[in-house]
Amino acid sequence: MRTVNAVAAPSATEPLIRTTIERRDVGPKDVLIDIAYSGVCHSDIHTVRGEWGEIQYPQVVGHEIVGTVSEIGSEVTKHKVGDRVGVGCMVNSCGECEYCVRGDEQYCSKGNIQTYGGVDPADGTITQGGYSQAVVVTEDFVLRVPESLDFEKVAPLLCAGITLYSPLHHWKAGPDTKVAIVGLGGLGHMGVKIAAALGAEVTVLSQTTSKKVDSLRFGAKAHYATKEPETFTELANSFDLIINTVSAKVDMGAYLGLLKVDGTLVNVGAPSEPLGVPAFALIPGRRSWAGSMIGGIRETQEMLDFCAEHGIHPETELIGADGINDAYERVLNSDVRYRFVIDAATFA
Ligand SMILES: [Zn+2]
Ligand SMILES: [Zn+2]
């Protein structure tokens with residue numbers, strides 16, 4: 001075992017504090033990663049505050065991790081010392097069920113092992129995330145980070161990027177499709193960039209027009225304010241695919257009305273209360289309402305390679321270990337353009 005510096009939540013109600021945690025010895029199939037940067041995801045905040053269920057404290061969160069391989073196990077073949085690598089929201093799965101076999105490890109029938117707050121099959125401990133100096137992960141769940149991607153900015157692709165790439169890919173966003181992204185935050189801004197690079201015509205649906213300049217800069221053709229009722233009449237029956245990144249309750253019937261016949265609305269935002277869906281928003285247009293969760297390992301690698309090929313980077317603000325609590329408040333106030341990234345050198 002090795003002891004590394006980290007920042008952890010001591011309880012659901014206290015600020016995060018500096019501490020140390022143990023990382024397991026590098027097993028035959030394991031990779032030791034010296035973490036360089038770690039993204040701050042809204043899920044981190046929900047988790048440490050116990051809003052998504054009880055957790056064990058202290059808990060280190062963070063599931064947008066990039067770093068450099070510093071040690072490999074004797075049977076590792078996919079990575080070598082010195083490689084730039086990344087780890088996203090999961091660090092293992094059963095590897096045998098139909099979903100794992102086809103590369104959809106995120107939907108593993110036994111449940112994937114989350115990067116933090118999961119039970120590590122290697123040693124039965126609770127997994128601890130990326131707000132730390134180093135992490136040990138089995139090689140199959142470690143991604144290659146292409147050289148052309150800016151290391152300081154790339155970490156948010158591992159959660160926000162794949163969360164948008166996977167549904168855009170699955171529902172075939174491309175040159176002949178009209179896509180709407182609801183909400184222009186950490187998730188939404190990645191959706192705009194990726195959908196535009198896939199060739200889709202992209203519209204942003206945001207509460208106000210305050211971020212319109214950014215929407216257009218990220219590749220959107222249009223930006224509409226959802227506070228204006230006429231937006232919903234003007235855009236009725238317009239989109240093949242709508243991705244809703246908002247994690248607050250919205251009027252689903254109004255958004256479903258924006259879909260063309262056979263269109264699909266995909267929720268990736270997760271409000272804590274149920275969303276009411278009127279059946280008559282679906283039936284007359286043979287519309288679908290769906291959900292999607294991150295992406296498989298193969299698809300995550302494909303997303304990283306796609307972003308490298310198209311020069312897609314998240315918009316980030318770099319912070320230090322002592323700035324995480326302030327960053328959480330700013331995330332909750334939607335005061336970040338568009339993702340915080342922690343410089344892991346500051347955990348020293
Ligand atoms: Zn996340
Ligand atoms: Zn499985």
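Residues numbered from 1 in each chain as written. Chains lettered and ligands numbered in written order. Predicted model: local features only at pLDDT ≥ 70, side-chain atom pairs only at ≥ 80, totals over all residues.

Section: the environment of methionine 190
Part 1: For methionine 190, the position within the fold is in helix α5 (residues 186–197).
Part 2: Measuring from C-alpha to C-alpha, the distance between methionine 190 and serine 292 comes to 15 Å, with 102 residues separating the pair along the chain.
Part 3: When neighbours within four sequence positions are excluded, methionine 190 is seen to be in contact with Ala160, Gly161, Leu164 and Pro314. (Helix = DSSP H or I, 4+ residues; strand = E, 2+ residues; numbered from the N terminus. Contact = placed C-beta atoms within 7 Å.)

As for the UniProt feature "domain: Enoyl reductase (ER)" (unreviewed entry) in the protein
Part 1: The feature "domain: Enoyl reductase (ER)" (unreviewed entry), as given by UniProt, occupies residues 11–342 in the numbering adopted here.
Part 2: Annotated as residues 11–342, this span is 23% helix and 25% strand, and its ends, taken at the C-alpha atoms, are 21 Å apart. (UniProt positions renumbered as here; feature names shortened; annotations may be inferred.)

Quick word on the nonpolar core
Part 1: Residues Ala195 and Ile242 are the most contacted members of the largest nonpolar core, which totals 98 residues.
Part 2: Among the elements that line this core, the one with the most residues is strand β3 (residues 30–40), at 7 residues.
Part 3: Counting only domains with at least three residues in this core, you end up with domain 1 (2–159 + 295–347) and domain 2 (160–291).
Part 4: Contact partners of alanine 195, with chain neighbours within four places excluded, come to Leu168, Ala173, Val179, Ile181, Ala200 and Val202. (Core = buried A, V, L, I, M, F, W, Y, C linked by C-beta atoms within 7 Å. Buried ≥ 20, exposed ≤ 12 C-beta atoms within 10 Å, placed from the backbone. Domains from an automatic or database assignment.)

A look at the domain arrangement of the protein
Part 1: When cut into domains, the protein gives domain 1 (2–159 + 295–347) and domain 2 (160–291).
Part 2: When each unit is reduced to the centre of its C-alpha atoms, the spacing between domain 1 and domain 2 is 27 Å.
Part 3: Each partner contributes to the interface: domain 1 provides 20 residues, whereas domain 2 provides 16 residues.
Part 4: Top contributing element to the side of domain 1 that touches domain 2 by residue count: helix α9 (residues 297–310), with 5 residues.
Part 5: Per-class residue counts for the side of domain 1 that touches domain 2 are 10 nonpolar, 6 polar and 4 charged. (Nonpolar A, V, L, I, M, F, W, Y, C, P; charged D, E, K, R; others polar.)

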